[in-house]
Amino acid sequence: MAENVRVAVRVRPFNDREKQRKASLIIDMRGNSTYIKNPEDMAAEPRSFAFDYSYWSHDEFKESANGYLEPTGGRYADQRKVFNDLGQGVLDNAWKGYNCSLFAYGQTGSGKSYSMVGYGSNKGIVPIFCEELFKGVEAKKATAGENEEYQVTLSMLEIYNEQVRDLLNPKSIAQKGGLKVRQHPSKGFYVESLVSCPVSSYNDIENKISEGTRNRTVAATNMNATSSRAHTIVAITFVQKTPNETGQSMTRTSVVNLVDLAGSERAESTGATGDRLKEGSAINQSLSTLGNVISALADLSMGKKKTVVPYRDSVLTKLLQNALGGNSKTIMIAALSPADINFDETLSTLRFADRAKAIKTTATVNESPTDKLIRELREENARLMELLKTGGITLEQLSANAGAGGQNPNQDSSEEIEEMKKAMEEELRKNQEEIENMKKTWQERLAEQENENKSNVDAELKKQEEKKVIPHFWNLHEDPALTAMIVHFTREGTSKIGNKNASPAPEITISGLSIQKQHGVVTNKGGVVKIKAIDGKILVNGAKITKETDLHHNDRVLFGPNHLYVFHHPQDEAKNVKEGKVTETPTYDTAQEEIAKKAGFMDKAGKSEEDLILQEDVIQMLPMVNEADAMSAELDKKVKFELALVSPQARGLKGGKTEVMVKMRNLENGNEWLWDRNKFINRKFLMQEMYQNYVEGADDWDVPKEKDPFWEDADVEVLIGTVHVHLMSLSHKLDIEETLTVTNYQGKENGHIEIEIMPCTPKGEGLGEDDFLDDPKELVGKELNFKFKINFGRGLPSNMRQSCCKFKFYLDNQYTSTAYGDGMNPEYKFEKLFKFPKCSQEFVDYLMESVAVIEVWGKQKDTSPKGGATLGTDTKQLMAREKSNLFGLSNYEEEQAKLKKIGDNKQTPVKKKGGNKAADSNKDNGVIIPVPPPPAEKKQNDQQVNAYKKQADDADRRAKAAEQRAASSESQVSDIRSLLSQKKKGGAETITIAELEAMLGGGGGRSATSTAQKEHMGDQASKACTIQ
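Residues numbered from 1 in each chain as written. Predicted model: local features only at pLDDT ≥ 70, side-chain atom pairs only at ≥ 80, totals over all residues. Heavy atoms only, no water.

A. Fine view of the overall build of the chain. The helix and strand inventory of the chain stands at 26 helices and 44 strands. Across the chain, the fraction of contacts at a sequence separation of at least 24, relative to all contacts at a separation of at least 6, is 69%. Summed over all atoms, the accessible surface of the chain reaches about 49,200 Å², with 48% contributed by carbon and sulfur. (Helix = DSSP H or I, 4+ residues; strand = E, 2+ residues; numbered from the N terminus. Contact = heavy atoms within 4.5 Å. Areas by Shrake-Rupley, 256 points an atom, 1.4 Å probe, with all protein chains shown as cover.)

Spelled out as structure tokens, the structure:
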């Protein structure tokens, strides 16, 4: 009988990050219902969802002496309660012979692993299930008859980027393309050559899962993979052989799938709007397909008969077909974050779980006579052997096979036949293996497995003992489950550090991104351990080392861009304990914070909540940018990546928060593109796919440039900079005519544009002098017409082939754009007539208080070097050359060409890079803080950090200066308005120069125009008004 998938949701306590952010609680639970509030409207009615179980694990608990979290109130759901409700049902069904599946779903960090695995005394569903299973087996064995037998086997696989890895067979992990997924006529999809290990106790299972996790960590590091994107499936097969009432031997089989899905936020589109490669990554395929399968199954359960369930669209859904819509009793536990900052992801998880509860599965007991199973397997083998001998693959079989794969049966039929033969051979091998296993006694199989494991167990025991006395490195990983899985000993003497291609082999082998053959060396003399970099980059406690450096207990060591370790020194640790020194064990997050702090990004003291959020984004992005840089160097892609903090004003917005963006620069021609966070993350996963293929030795690892994540088309528009036009003069019906500076997100001058805004009649004719308004309030309820002109640009960057200007005025939803102009000095010749028949108070306020932001966009020259400095130079050399030139003089002629025809055409002296090059530019609309390239000396590093801090300080000072000038301008206009009103009331028709000078803060013959110029009014803002 069909029954619904049982769904539970569980909310965890706030984590440290959420506490630092002073996050608000948005989740509530009453009975089996879960409620979520929208943080933007906390007073509104919360959304409600009903599930089989709603577990409140947010508060009302305490930690007991043994570390177990036990309830202090009636609401708290501890680990045992969750197992009793969910795990016990899985256990009972396994004994009955049903297939069972348990899914854990939720965003990264929501508590999936805690519910599934747990930690310390707080054991999760998986370990308790295994313990209880073996308790039951031992109890049955105590009273078992002669022909009774109970067998437990375990397999563990990972799905990453649509490839299957057997985590219990290290040799298969390096197999190109992963293991094949085949389809059995009656059993469904299975993984070819997947190892299934016999186990006799929970300790055996724990050891095997640790072994698989260790293999997973090594593979993720070697391939530069992101573990939060991987799905892990632990399958426990429980076989009971018992006689029935007539004495016939019966075999009852239950397969229990324990599935830890990738972070659910990965299922969403990365939001890389406009990116040609946004759908190119296979990394999202499994979770997005799982969502489609859940939706289709929910539709089927509600009576939509024509719905097609897309199981075949991903590897994950193929392997979980039985669990989702077939012969299985299925439970899903969805993990929730309680914090307002995760509202979108939590709501998405609740919606997914809500759909899942509508799915129905039909589970049957898997029980057959043992001799019947053997006979059926033999008959199947005979049929397959006959087909293979005669080559008798029928057209119907070929069509069915092609149709199953969604292909044309008439296309590449020879390849299809060959593939079918391979599948038959594999099925034959698998059947024969099952027959042999059935013939063997369980004790024989266990003995074989123990012999295979003996060397591994002995080596592991030896390693555990050595860790107590020998200094060593242990790995840090963003996934806590993969932390401390890799250990490298620093034995007495000298230990070389290098990759697997080094000859002779180094004592410490680290494979992966940017690890050199002779990366570094560690010496241990009488317990004093020192480390030195040779050809590779090494950071100790966040700082790059350039000479031999002492290592102490709990020091953090980074090899290359992403191989992060902690140094453990047993003797140092014992000494610290004796002296009463307390040293906290480093975590991945604290180590990354340290690296960011040394790079000048981290300073929590006195920071606002928005600044803390920004710093968190920087800490998350910094290692990713460094990885992208390292991949570019290894794959010789000739591009470099930098981290940029871009203010809302630099993005053409009046307000908002500063965003973390990434600048990609072509090292050959200097072209630059600025990517938003989502686009970069999407591209980075595509880069990882390319790098993985490269490491595996695939001939087709490199792809055409249109599919290359490191390539961007020169035709993609880039933001050259923005211009802010103050509109106060327009509210007085005065002309605005200015040549304004275009500034980029760094506050750097990128040229000028000339604009005119002229009040006029509805037909576009000029106004008379009498139309001037003393007070903008007089404009309310009256008409305003004006021409908005953008005449030309001057001195734009020399690498721009074309450019245009875009802007939104007042309530516009769409951009108004000029035509494209060519070269450094484009002619835009743009004019638009704006008509406002009746001005509202809101519109007048907009003119008085706001600015019109003109964005200047360009297309870069698609030039590749045909000779000269960069010809034949690889990416690593180009990056090294750039570092050496970082503080040197830039090319004088190139800089002068950029500055020609700006303002009064006076040349500006070239300043050294890294100095205060923005100090005189009066820009207030953005700042970039590039990722500092690793300097050769500490002195150079200090210079960099100081330069970045000075840039930020300069930008802040310019912003304040601009605010003061704007306030001064408004005050002066107000004074002029008052003076005009007084003169008119007194019957005067003129204002003396002396009166005007006094009002503008001058004297000594200064004119209004010269005063404005000396206050830089012409550089950054339009004049408030001009009186002649």
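B. The arrangement of the side chain of Asn122 in detail. Of note, Asn122 is situated in strand 11 (residues 122-123). Residue Asn122 is classed as buried on the basis of its relative accessible area of 1%. Of the polar contacts made by the side chain of Asn122, one reaches the backbone nitrogen of Leu69; its length is 2.8 Å. (Buried < 20%, exposed > 50% of the residue type's maximum accessible area, 1.4 Å probe, protein only. Polar contact = N/O pair within 3.5 Å; in protein donor to acceptor, adjacent residues only side chain to side chain.)

C. Just the packing of helix 17 (residues 609-635) against helix 18 (residues 677-695), in detail. The interhelical angle for the contact between helix 17 and helix 18, taken along N-to-C directions, is 40 degrees, at an axis separation of 10 Å. Here helix 18 runs oblique to helix 17, going by the angle between their axes. In this structure, helix 17 meets helix 18 at a crossing whose hand is left-handed. Contacts between helix 17 and helix 18 involve Asp617, Gln620, Met621, Met624, Val625, Glu627, Ala628, Met631, Glu634 and Leu635 on the former and, on the latter, Arg677, Phe680, Ile681, Lys684, Met687, Gln688, Met690, Tyr691 and Tyr694. Taken together, the residues that form the contact of helix 17 with helix 18 break down as 12 nonpolar, two polar and five charged. (Axes fitted to C-alpha atoms, helices over the stretch in contact; angles between N-to-C directions. Parallel < 35°, antiparallel > 145°, perpendicular 65-115°, else oblique. Left-handed = near helix turned anticlockwise from the far one by under 90°. Nonpolar A, V, L, I, M, F, W, Y, C, P; charged D, E, K, R; others polar.)

D. Structural view of the environment of Trp474. Mapped onto the fold, Trp474 is located in strand 22 (residues 472-475). The exposure class of Trp474 is buried, given its relative accessible area of 14%. Taking the C-alpha atoms as reference, Trp474 lies 6.7 Å from His488; in sequence the two are 14 residues apart. Trp474 has contacts with Thr483, Ala484, Ile486, Val487, Leu564, Tyr565, Val566, His568, Thr585 and Pro586, leaving out every residue within four places of it along the chain.

E. Representation of empty space enclosed by the protein within the structure. Under the definition given, this model contains nine cavities of 30 Å³ or more. Counted as a void, the second largest cavity has a volume near 70 Å³. Put simply, the parts of the chain that give the lining of the second largest cavity at least two residues each are strand 2 (6-11) and helix 3 (112-116). (1 Å grid on protein atoms, 1.4 Å probe; cavity = no way out; pocket = protein on both sides within 12 Å on 5 of 7 lines; lining within 4 Å. Points joined across faces, edges and corners; volume = space filled by probe spheres on them.)

F. Representation of helix 6 (residues 202-222) within the structure. With 21 residues, helix 6 extends 30 Å from end C-alpha to end C-alpha; this agrees with the ideal 30 Å at 1.5 Å per step. Buried within helix 6 we find Tyr202, Ile205, Lys208, Glu211, Gly212, Thr213, Asn215, Arg216, Thr217, Ala219, Ala220 and Thr221. (Expected span 1.5 Å × (residues − 1).)

G. Structural detail: unusual backbone geometry. Omega for the peptide link from Ser503 to Pro504 comes to 0 degrees, which places this bond in the cis form. As for its position among the elements, Pro504 is in the loop between strand 24 (493-498) and strand 25 (508-509). Look at Lys22: it is not a glycine, yet its phi comes out positive at around 55 degrees. The residue Lys22 is located in the loop between helix 1 (16-20) and strand 3 (27-30) in this model. Looking at Lys22, the relative accessible area reads 72%, which means it is exposed. Although it is not a glycine, Ser193 adopts a positive phi angle of roughly 65 degrees.

H. A look at the sheet that holds strand 32 (residues 563-568). Reading across the sheet, the six strands line up as 23-22-32-31-28-29 and stay open at both edges, with antiparallel pairing between neighbours. The open sheet is flanked by strand 23 (487-489) and strand 29 (543-544), the only strands paired with a single partner. (Pairing = 2+ DSSP bridges.)

I. Inspection of the sheet that holds strand 27 (residues 528-533) at higher detail. One open sheet accounts for five strands, arranged 25-24-26-27-30; its pairing is mixed. With partners counted over all chains shown, the strands left at the sheet margins are strand 25 and strand 30 (549-550), one partner each.

J. Region of interest: the side chain of Lys637. Structurally, the position occupied by Lys637 is in the loop between helix 17 and strand 33 (639-646). Discounting residues that sit within four places of it in the chain, Lys637 has contacts with Ser632, Met690, Trp701, Asp702, Asp708, Phe710 and Thr875.

K. The nonpolar core, seen in detail. Formed by 76 residues in total, the largest nonpolar core has its most connected members in Phe641, Phe809 and Ile854. It is helix 17 that contributes the most residues to this core, 11 residues altogether. The next biggest cluster of nonpolar side chains, apart from the first, holds 47 residues, and it includes Leu157, Leu179, Ile294 and Leu350. (Core = buried A, V, L, I, M, F, W, Y, C linked by side-chain atoms within 4.5 Å.)

L. Just the pairing of strand 15 (residues 188-191), in detail. With four bridges connecting them, strand 14 (residues 181-184) and strand 15 associate as antiparallel partners. Within the sheet, the bridge partner assigned to Gln183 lies in strand 15 and is Phe189. As consecutive antiparallel partners, strand 14 and strand 15 are separated by three residues.

M. Layout of the packing of helix 2 (residues 79-96) against helix 4 (residues 125-142). Two elements in contact, helix 2 and helix 4, have axes whose closest approach is 10 Å; the angle formed by their N-to-C orientations is 45 degrees. Looking at the two axes, helix 2 sits oblique to helix 4. Considering the relative orientation of helix 2 and helix 4, their crossing is right-handed. Between helix 2 and helix 4, the contacting residues are Arg80, Val82, Phe83, Leu86, Gly87, Val90, Leu91 and Trp95 on the first element and Ile125, Ile128, Phe129, Glu132, Leu133, Gly136, Val137 and Lys140 on the second.

N. Region of the structure containing the pattern of salt bridges. Taken as a whole, this structure holds 40 salt bridges when the rule is applied. Of the charged contacts, one joins Asp299 and Lys304 as a salt bridge, the two residues approaching to 3.9 Å between their closest N and O atoms. A single network of salt bridges, built from pairs that share partners, joins Glu642, Lys663, Arg665 and Glu672. (Salt bridge = Lys/Arg side-chain N within 4 Å of Asp/Glu carboxyl O.)

O. Structural detail: the packing of aromatic side chains. One pass over the full model with this rule turns up 33 aromatic pairs. Geometrically, the ring pair formed by Phe786 and Phe809 is tilted, given 5.3 Å between the ring centres and 55 degrees between the ring planes. You can see Phe786 sitting in strand 39 (residues 784-794) and its partner Phe809 sitting in the loop between strand 40 (800-807) and strand 41 (816-817), a full 23 residues away along the chain. The buried category is assigned to Phe786, whose relative accessible area is 0%. In this structure Phe809 comes out as buried when scored by relative accessible area, which is 1%. By way of ring pairs, the aromatic residues Phe786, Phe788, Phe807, Phe809, Tyr810, Phe830, Phe834, Phe836, Phe843 and Tyr846 are connected into one cluster. Here Arg794 stacks its cationic end above the ring of Phe792, 4.0 Å away from the centre of that ring. (Phe/Tyr/Trp six-rings, centres within 6.5 Å; stacked < 30°, edge-to-face > 60°. Lys NZ or Arg CZ within 6 Å of the ring centre and 35° of its normal.)

P. A look at the environment of Ile545. Among the structural elements, Ile545 can be located in the loop between strand 29 and strand 30. Among the residues examined, Ile545 registers a relative accessible area of 8% and is labelled buried. In this structure, the C-alpha to C-alpha distance between Ile545 and Ile531, residues 14 residues apart in sequence, is 8.9 Å. Each residue touching Ile545, except ones within four places of it in the same chain, is listed here: Ile531, Lys532, Ala533, Ile538 and Val540.

Q. Region of the structure containing the confidence of the model for the chain. Residue-level pLDDT values for the chain average 79, and 75% of them are 70 or greater. Across residues 266-272, confidence stays below pLDDT 50; counting only partners more than four residues off in sequence or on other chains, it has 16 contacts. Confidence drops under a pLDDT of 50 for residues 398-411, and excluding neighbours within four residues, the segment shows 16 contacts in the predicted structure. (pLDDT = per-residue confidence, 0-100.)

R. Expanded view of helix 16 (residues 588-598). Burial in helix 16 covers these residues: Ala591, Gln592, Glu594, Ile595 and Ala596. Where helix 16 is buried, its residues contact strand 28 (538-540), strand 31 (556-559), strand 32 and helix 17. Trailing helix 16 by a residue or two, Gly600 shows a phi angle of about 90 degrees, which is positive.

S. View of the environment of Ile619. Following the sequence through the fold, Ile619 ends up in helix 17. Owing to a relative accessible area of 13%, Ile619 belongs among the buried residues under this scheme.

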